[in-house]
Amino acid sequence: MAENDGDEWDSGLEDDSDAVLQAVSRQIKLWRLAAGLKQAELGAAIGYGEEMVSAVERGRRLPKPEFLDNADGVLGAGGKLSAMKEDVKQARYPKKVRDLAKLEAKLVERGAYGDHNLDGLLQTEDYARALFAMRRPAFSEDEIDRHVAARMARQEIFERCPAPTLTFVQEEATLRRPLGGRMVLRRQLERLLEIGQLRHVTLQVMPLECEEHAGMGGELRVLKLKDGKAVGATNAQLTSRLIADPKEVQTLELRYGMIRSQALTPRESLAFIEKVLGET
């Protein structure tokens, strides 16, 4: 196995990702044949094993960006293979995640209430990996890598300019449950404190002792878009639902507003997280 081969290579693609995969694979093979190279020769020239080159050409693996760049140079493709990197990047992630990322790209405001684990935008890589490793039926290692990479890529939203307004309300239980172990939780709490300092982010905690709670129906998200429209989202076992009906979205907005008013203030929440970190 060459030095660039590894478990993080993608497989098990779905939906329209398969069409992208087949197109990229076909082009790589055609350029290799036109150059008169065998798979082993191409692999040796770009730093990959023959088995990996074969898997790419058979549509079993998505090539990494460096694979495409190196192959482009060796095969004299004039940038045609390198130009496919963005398509490959999009196809790397599950379709529902790509669809969510497209929606989040149009955001001016996003509010989220989480009751059983931390919101995906707040998660560290280790925390996200622990969550996906707990799924049943179990994910393969390749599937875990793929989902974790997709979740981490969505966090680019924190660096967007102009920055959208992001608000989060998390149940106290999500701050105390040691998913992945105590050290994973400690790093996660430290990450929350970092995010909570961003000017366009508001982080609040719903304490267990709160007697009034408008979020007992479960977690929810409210997304306000650049065109003035608003959509909602809810999650349940095996189901993620996107809500566009204005009346239903209005109900979610009402509930989320009440949840925020019942939770600790942002300053109190950061102090609370620091307290939990000190106890962990």
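Procedures and definitions
- Residues numbered from 1 in each chain as written.
- Predicted model: local features only at pLDDT ≥ 70, side-chain atom pairs only at ≥ 80, totals over all residues.
- Heavy atoms only, no water.
- Helix = DSSP H or I, 4+ residues; strand = E, 2+ residues; numbered from the N terminus.
- Contact = heavy atoms within 4.5 Å.
- Areas by Shrake-Rupley, 256 points an atom, 1.4 Å probe, with all protein chains shown as cover.
- Buried < 20%, exposed > 50% of the residue type's maximum accessible area, 1.4 Å probe, protein only.
- Pairing = 2+ DSSP bridges.
- Axes fitted to C-alpha atoms, helices over the stretch in contact; angles between N-to-C directions.
- Parallel < 35°, antiparallel > 145°, perpendicular 65-115°, else oblique.
- Left-handed = near helix turned anticlockwise from the far one by under 90°.
- Nonpolar A, V, L, I, M, F, W, Y, C, P; charged D, E, K, R; others polar.
- Expected span 1.5 Å × (residues − 1).
- pLDDT = per-residue confidence, 0-100.
- Phe/Tyr/Trp six-rings, centres within 6.5 Å; stacked < 30°, edge-to-face > 60°.
- Lys NZ or Arg CZ within 6 Å of the ring centre and 35° of its normal.
- Salt bridge = Lys/Arg side-chain N within 4 Å of Asp/Glu carboxyl O.

Our next topic: the overall build of the chain. Each helix and strand in the chain was counted, giving twelve helices and six strands. In terms of principal-axis extent, the alpha carbons of the chain reach across some 75 × 45 × 35 Å. Counted over contacts in the chain with a minimum sequence separation of 6, partners at least 24 positions apart contribute 75%. Surface accessibility of the chain: about 14800 Å² in total, with carbon and sulfur atoms responsible for 50%.

Bringing the pairing of strand 2 (residues 165-171) into the picture now. Walk down a regular strand and you will see the side chains alternate between the two sheet faces. In terms of burial, strand 2 is a largely internal element, six of the seven residues being buried. For strand 1 (residues 107-114) and strand 2, the ladder comprises six bridges, and the chain directions are parallel. Across the sheet, residue Tyr113 finds its bridge partner in strand 2, namely Val169. Bridge count for strand 2 against strand 3 (residues 201-206) is six bridges, and the pairing is parallel. Within strand 3, the position partnered with Glu171 by the bridge is Met206.

Before going further, it helps to spend a moment on the packing of helix 10 (residues 182-195) against helix 12 (residues 266-279). Angle between the axes and distance between the axes are the two parameters that describe a pair of packed helices. Relative orientation of the contacting elements helix 10 and helix 12 amounts to 160°, with a least axis distance of 10 Å. Classified by the interaxial angle, the pair formed by helix 10 and helix 12 is roughly antiparallel. Note that helix 10 runs across helix 12; the crossing there is left-handed. Packed against helix 10, whose contacting residues are Arg186, Leu189, Glu190, Leu192 and Leu193, the element helix 12 presents Leu270, Ile273, Glu274, Val276 and Leu277 at the interface. Residues of the contact of helix 10 with helix 12, tallied by class, amount to seven nonpolar, no polar and three charged.

In this section: the environment of Gly232. Locating Gly232 in the fold gives a position in strand 5 (residues 230-236). Relative accessible area serves as the criterion here: at 0%, Gly232 is assigned to the buried category. Separated by twelve residues in sequence, Gly232 and Leu220 place their C-alpha atoms 7.3 Å apart. Each residue touching Gly232, except ones within four places of it in the same chain, is listed here: Arg221, Val222, Arg241, Leu242, Ile243, Val249 and Leu252.

Over its 14 residues, helix 8 (residues 141-154) extends 20 Å from the first C-alpha to the last, a length consistent with the 20 Å expected when each residue adds 1.5 Å. What helix 8 keeps buried is the set Asp142, Ile144, Asp145, Arg146, His147, Val148, Ala150, Arg151 and Arg154.

Our next topic: the sheet that holds strand 3. As summarised here, the arrangement of the six strands in space is 3-2-1-4-5-6, forming an open sheet in which the pairing is mixed. A single partner strand is all that each edge strand has here, and the edge strands are strand 3 and strand 6 (239-243). Across this sheet, the average inter-strand angle for adjacent strands is 10°, counted without regard to direction.

Looking at the chain, the pLDDT average stands at 89 and 91% of residues meet or exceed 70. Taken together, the stretch residues 1-14 has pLDDT below 50 and engages in 46 contacts with residues farther than four places along the chain or on a different chain.

Applying the stated criterion across every chain, the model contains two aromatic pairs. Ring plane angle 45° and centroid distance 6.2 Å describe the contact between Phe132 and Phe139, whose orientation is recorded as tilted. In this structure Phe132 comes out as buried when scored by relative accessible area, which is 4%. On the basis of relative accessibility, which here comes to 24%, the residue Phe139 falls in the partly exposed class. Lying across the ring of Phe158, Arg191 places its NZ or CZ 6.0 Å from the centre.

A separate point is the pattern of salt bridges. Enumeration according to the criterion identifies 15 salt bridges in this entry. Note that Arg129 is salt-bridged to Asp145, the shortest N-O span being 2.8 Å. Of this pair, Arg129 sits in helix 7 (residues 125-133) while Asp145 is found in helix 8, placing the two residues 16 residues apart along the sequence. Since its relative accessible area comes to 26%, Arg129 is described here as partly exposed. Of the charged contacts, one joins Lys275 and Glu279 as a salt bridge, the two residues approaching to 2.8 Å between their closest N and O atoms. Of the two residues, Lys275 and Glu279 are both situated in helix 12; the distance of four residues between them amounts to about one turn of the helix. You can call Lys275 partly exposed: its relative accessible area is 45%. Glu279 gets classed as partly exposed once you look at its relative accessible area, which sits at 46%. Here the residues in one salt-bridge network are Glu104, Arg110, Asp119 and Arg154, joined through shared partners.

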